[in-house]
Amino acid sequence: MTVDKELEKLSRLTPPAADPEARARALAAAMQAFDTAENNAPAPQGNAKGWRQSSIINWIWSPAMNKKFLAGSALATLLVIPVAGYLTFELSRGGLPIVDQEKLAGNVSQNSAPKPAEPATVAPQLSEAPAEENRPAQSSATDSAQVLQDKGQQTAAKPVAPQTSEFDAGEIATLTNKSEGSAAALGAAKRAAPAAPGIASQQQFAEPMAVAPSPVPPGEGRVQIQVEADRERFANAAANPIKSVATDPVSTFSADVDSASYSFVRRSLTGGALPDPQSVRVEEMINYFPYDWPGPDKADQPFKATVTVMPTPWNHDTELLHVAIKGYDIAPATVPHANLVFLIDVSGSMDEPDKLPLLKSAFRLLVNRLKPDDTVSIVTYAGNAGTVLEPTRVTEKSKILSAIDKLEPGGSTGGAEGIAAAYDLAKQAFVKDGVNRVMLATDGDFNVGPSSDEDLKRIIEEKRKDGTFLTVLGFGRGNLNDSLMQALAQNGNGSAAYIDTLAEAQKTLVEEAGSTLFPIAKDVKFEVEFNPERIAEYRLIGYETRALNREDFNNDRVDAGDIGSGHSVTAIYEITPKGSPAVMNDDLRYGTADKAPAATSDKAHGGELAFVKMRYKRPGEDKSALITTPVADSNTVATIDAAPQDVRFSVAVAAFGQKLSRIAAVDAYSYQAVADLAAASRGTDTFGYRSDFLGLIRLADGLSQR
């Protein structure tokens, strides 16, 4: 306790002020003690003289720097500058890029901030860069790429064109000249590439080089060419409008037995995309399927019409007028001899798996279907036309198949000369009272040649008058000129089909060879007259590209479609009965709506709904014949389910085609409803076509919901 009290007293005392003299004496004593200890200390390890070897350098350098002797720095500078200048000159002369290190460091520090994409000038060189290995850190690679991208964006002088290529014009011409062989051209392009991948000579650049950003680095040794967008062309025709029977009671159109549109739609859907609405021709989708319509018993009358009137599935206030035509099926024993000329496009654009290779397989199927007395010739065209096989009987089948197998692609497409050569061969082997037909197989790209599309149509029309018809088969995608293919087939009294698979080739050229090759009638026209007492409005579903003027029906000089052996044609009208709330057109203020036309005022005709007429010519004849069928209440069924099975399935196909065409009338009718109608009426499906159709409906439903 005493000690604590003493300490407490001492803590309250004020300490004395420091004596400067005492502080100086203490500091001097401390320095003297330190010097004594230093002199008496043992020598440092490794040096008997008492100091480290590195201290010698410090002993020399420190006084120099402390006294600001800069002679050493100046000498180093004089040595470095000439060396740096020489290296800069050599690097610039060799065309190697020089990186600004300060800017590089600054840009690297800013890489975390995203920057908007800007146009970049692409260096005209082959994009070949070997993959780097054993990099110390992946982040440094990313940073360096970003820096180069930033520098390229800052030095870009011009915007990039919509279609760019990493070849110059000469290299592109070499690669696209398929007459010299695509493989050889590509090899030549690779041999011409710079020895150092990714580095182009300085002479290649007219402007400062900029690096274009690439999301996926190219593989080693691969040449990248931007793929050209699809150039497919389709006939542009607006959908048929609703017409008033009071002003337009007659509908006239040509028969259409083509099936190309359905195959194209299938290819688009299975490829993961809804088809272009312009590519959808509803009548071709309906007529793609085989139907068991009642046919004629004798060849004297080659057609029989079956008419059904039923409620409309997608509109309860309208009805459907369904017209089904079945052609006479020629017995195999009476099939006429065939003289066929295969006109095959072997241009460079056909060098794809779904083009020339598929084409060759398809024609092999057809040759195996022909009779021994039939004749086959082969003409190819690619820039210039060439005869591959003179007229040869099918008894020499191996010779024909060998000629097909030897076909190779190359060159540009000049269709005019090929068509002329094919018709010359057809004339050389012409079979009287037989089938004389040129079968044109192409991707539809008639882009080179002395003749225009109109000239081609004129040539084909002239040859048609001599008895040689034309069938057009389309292959592949990207170049398909569907509009021209349709026009050529129509002018050549033939049909157009699109072959996207070998199964489709089997269907078109083998299973339906009779209807494809052997016509039973030509210039087939339809005309439907509606009774204004019973029907207020109508709309023809499809056949937009086959419309005819009313006066064309009785004019035998007007060309129309052909129908082959056993073929069927289906036409569907959506009709609005008198007094229905679905009527879209007002009555005429100054018309004669209160007076029935003279033709319908007769009680014998007043109960009819419509009157169907059909004109046709027999092969080899120039005068047409007429078939008529009245449509009465006896043709009407009360419910959809009461309609024949094939009728309901064809209506489901019509609904599906309209939805793909984006027709407003079926907007409220769902894909599921279409599928339900098709599934309930699928019936016998020998080849699986209808099951495949149900799969397409599901695909379209899924794609439409994206």
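Residues numbered from 1 in each chain as written. Predicted model: local features only at pLDDT ≥ 70, side-chain atom pairs only at ≥ 80, totals over all residues. Heavy atoms only, no water.

Let us look at the overall build of the protein. If you tally the helices and strands in the protein, you get 22 helices and 16 strands. Classification of the 706 residues of the protein by burial places 41% in the buried group. Accessible surface computed for the protein: about 38200 Å², of which carbon and sulfur atoms make up 54%. (Helix = DSSP H or I, 4+ residues; strand = E, 2+ residues; numbered from the N terminus. Buried < 20%, exposed > 50% of the residue type's maximum accessible area, 1.4 Å probe, protein only. Areas by Shrake-Rupley, 256 points an atom, 1.4 Å probe, with all protein chains shown as cover.)

Of all hydrophobic cores here, the largest spans 42 residues; its most connected members are Phe289, Phe656, Phe693 and Ile697. Among the elements of the structure, α9 (260-270), α10 (282-286), β4 (315-327), α20 (645-660), α21 (671-680) and α22 (689-704) are those that each provide at least two residues to this core. No other element matches α20, which puts 9 residues into this core. Residues contacting Ile697, with those up to four places away along its chain left out, are Phe656, Tyr671, Val674, Ala675 and Ala678. Core analysis: the second largest hydrophobic core is formed by 37 residues, Leu340, Leu370, Leu401 and Leu407 among them. (Core = buried A, V, L, I, M, F, W, Y, C linked by side-chain atoms within 4.5 Å. Contact = heavy atoms within 4.5 Å.)

What follows is about the packing of α21 against α22. At a minimum axis separation of 9 Å, α21 and α22 run at an interaxial angle of 175°. On the basis of the axis angle, α21 is roughly antiparallel to α22. Of the residues in α22, those touching α21 at Tyr671, Val674, Ala675, Ala678 and Ala679 are Phe693, Leu694, Ile697, Ala700, Asp701 and Ser704. Each residue belonging to the contact of α21 with α22 can be placed in one class, and the counts come to 9 nonpolar, 1 polar and 1 charged. (Axes fitted to C-alpha atoms, helices over the stretch in contact; angles between N-to-C directions. Parallel < 35°, antiparallel > 145°, perpendicular 65-115°, else oblique. Nonpolar A, V, L, I, M, F, W, Y, C, P; charged D, E, K, R; others polar.)

Strands sit in the order β1-β12-β14-β4-β3 across an open sheet of 5 strands; the sheet is antiparallel. One side of each edge strand has no neighbouring strand; the edge strands of this open sheet are β1 (243-244) and β3 (303-312). α20 contacts β3, β4, β12 (535-541) and β14 (568-577) of the sheet and is inclined by roughly 115° relative to β4. (Pairing = 2+ DSSP bridges.)

Bringing the side chain of Asp562 into the picture now. Residue position: Asp562 is located in strand β13 (residues 561-564). Within the buried set, Asp562 has no salt-bridge partner at all; the shortest N-O distance to an opposite charge, 5.8 Å, is to Arg437. For Asp562, the side chain forms a polar contact with the main-chain nitrogen of Asp523, separated by 3.2 Å. With residues near it in sequence (within four places) discarded, Asp562 still touches Val257, Phe469, Asn493, Gly494, Ala521, Lys522 and Asp523. (Lys, Arg positive; Asp, Glu negative; His and termini not counted. Salt bridge = Lys/Arg side-chain N within 4 Å of Asp/Glu carboxyl O. Polar contact = N/O pair within 3.5 Å; in protein donor to acceptor, adjacent residues only side chain to side chain.)

Turning next to the environment of Gly542. For Gly542, the position within the fold is in the loop between β12 and β13. C-alpha separation for the pair Gly542 and Tyr573, spaced 31 residues apart in sequence, amounts to 9.1 Å. Among all residues touching Gly542, those that are not within four sequence positions of it are Asn240, Val282 and Glu283.

Structurally, Asp500 is set in the loop between β10 (496-499) and α16 (502-511). For Asp500, the side chain forms a polar contact with the side chain of Arg266, separated by 2.7 Å. Not counting residues up to four positions away in its chain, the partners in contact with Asp500 are Ser263, Arg266, Arg267 and Leu358.

It helps to recall that an α-helix has 3.6 residues per turn; residues three or four apart then point in one direction. Taking burial as the measure, the 10 residues of helix α15 (residues 482-491) include 8 buried ones, the bulk of the element. By the burial criterion, the buried members of α15 are Asp482, Leu484, Met485, Gln486, Ala487, Leu488, Ala489 and Asn491. Looking at the residues trailing α15, positive phi occurs at Asn493, about 55°.

Further remarks concern the confidence of the model for the protein. Overall, the prediction assigns the protein a mean pLDDT of 76, with 66% of residues at 70 or greater. Contacts of residues 45-51 to residues separated by more than four positions or lying in other chains number 7 contacts, the stretch itself having pLDDT below 50. In this model residues 95-229 is a low-confidence stretch, pLDDT under 50, and it forms 110 contacts with partners more than four residues away in sequence or in other chains. (pLDDT = per-residue confidence, 0-100.)

For the rest of this paragraph, the subject is the packing of α20 against α22. Following both chains from N to C, one finds α20 and α22 inclined at 30°, their axes separated by 12 Å at the closest point. The angle between the axes of α20 and α22 places the two elements in the roughly parallel class. Both α20 and α22 take part in a crossing whose hand is left-handed. Seen from α20, the contacting residues are Asp646, Phe649, Ala652, Val653, Phe656 and Leu660; seen from α22, they are Arg690, Phe693, Leu696, Ile697 and Ala700. In terms of residue class, the contact of α20 with α22 is built from 9 nonpolar, no polar and 2 charged. (Left-handed = near helix turned anticlockwise from the far one by under 90°.)

This paragraph deals with the environment of Ala429. Inspection of the secondary structure puts Ala429 in the loop between α13 (415-428) and β8 (435-442). For Ala429, a relative accessible area of 16% translates into the label buried. Spatially, the C-alpha atom of Ala429 lies 7.7 Å from that of Thr375, the residues being 54 residues apart in sequence. If we ignore the near neighbours within four places in the chain, the residues touching Ala429 are Asn339, Thr375, Pro391 and Asn436.

With that settled, the discussion passes to the packing of aromatic side chains. Going through the model one piece at a time under the given rule, you end up with 21 aromatic pairs. Each ring, one from Phe289 and one from Phe693, has its centre 5.6 Å from the other, and the planes form 80°; the classification is edge-to-face. With a gap of 404 residues between them, Phe289 in the loop between α10 and β3 and Phe693 in helix α22 connect regions that are remote in the sequence. Measuring from ring centre to ring centre gives 6.1 Å for Phe656 and Tyr671, while their planes differ by 70°; the resulting arrangement is edge-to-face. With Phe656 in helix α20 and Tyr671 in helix α21, the pair connects residues that are 15 residues apart, well separated along the chain. Of the two residues examined, Phe656 and Tyr671, each falls in the buried class. Aromatic rings pair up to connect Tyr262, Tyr288, Phe289, Phe649, Phe656, Tyr671, Phe687, Tyr689 and Phe693 into one cluster. One cation-aromatic arrangement involves Lys507 over Tyr689; the distance from NZ or CZ to the ring centre is 5.6 Å. When the ring centre of Phe649 is taken as reference, the NZ or CZ atom of Arg690 above it lies at 4.3 Å. (Phe/Tyr/Trp six-rings, centres within 6.5 Å; stacked < 30°, edge-to-face > 60°. Lys NZ or Arg CZ within 6 Å of the ring centre and 35° of its normal.)

Let us look at the pairing of β12. Within a regular strand, the side chains alternate between the two sheet faces. Counting buried positions along β12 yields 7 of 7 residues, so the element is predominantly enclosed. Bridging between β12 and β14 involves 6 bridges; their strand directions are antiparallel. Paired with Ile541 across the strands is Ile572, a residue of β14.

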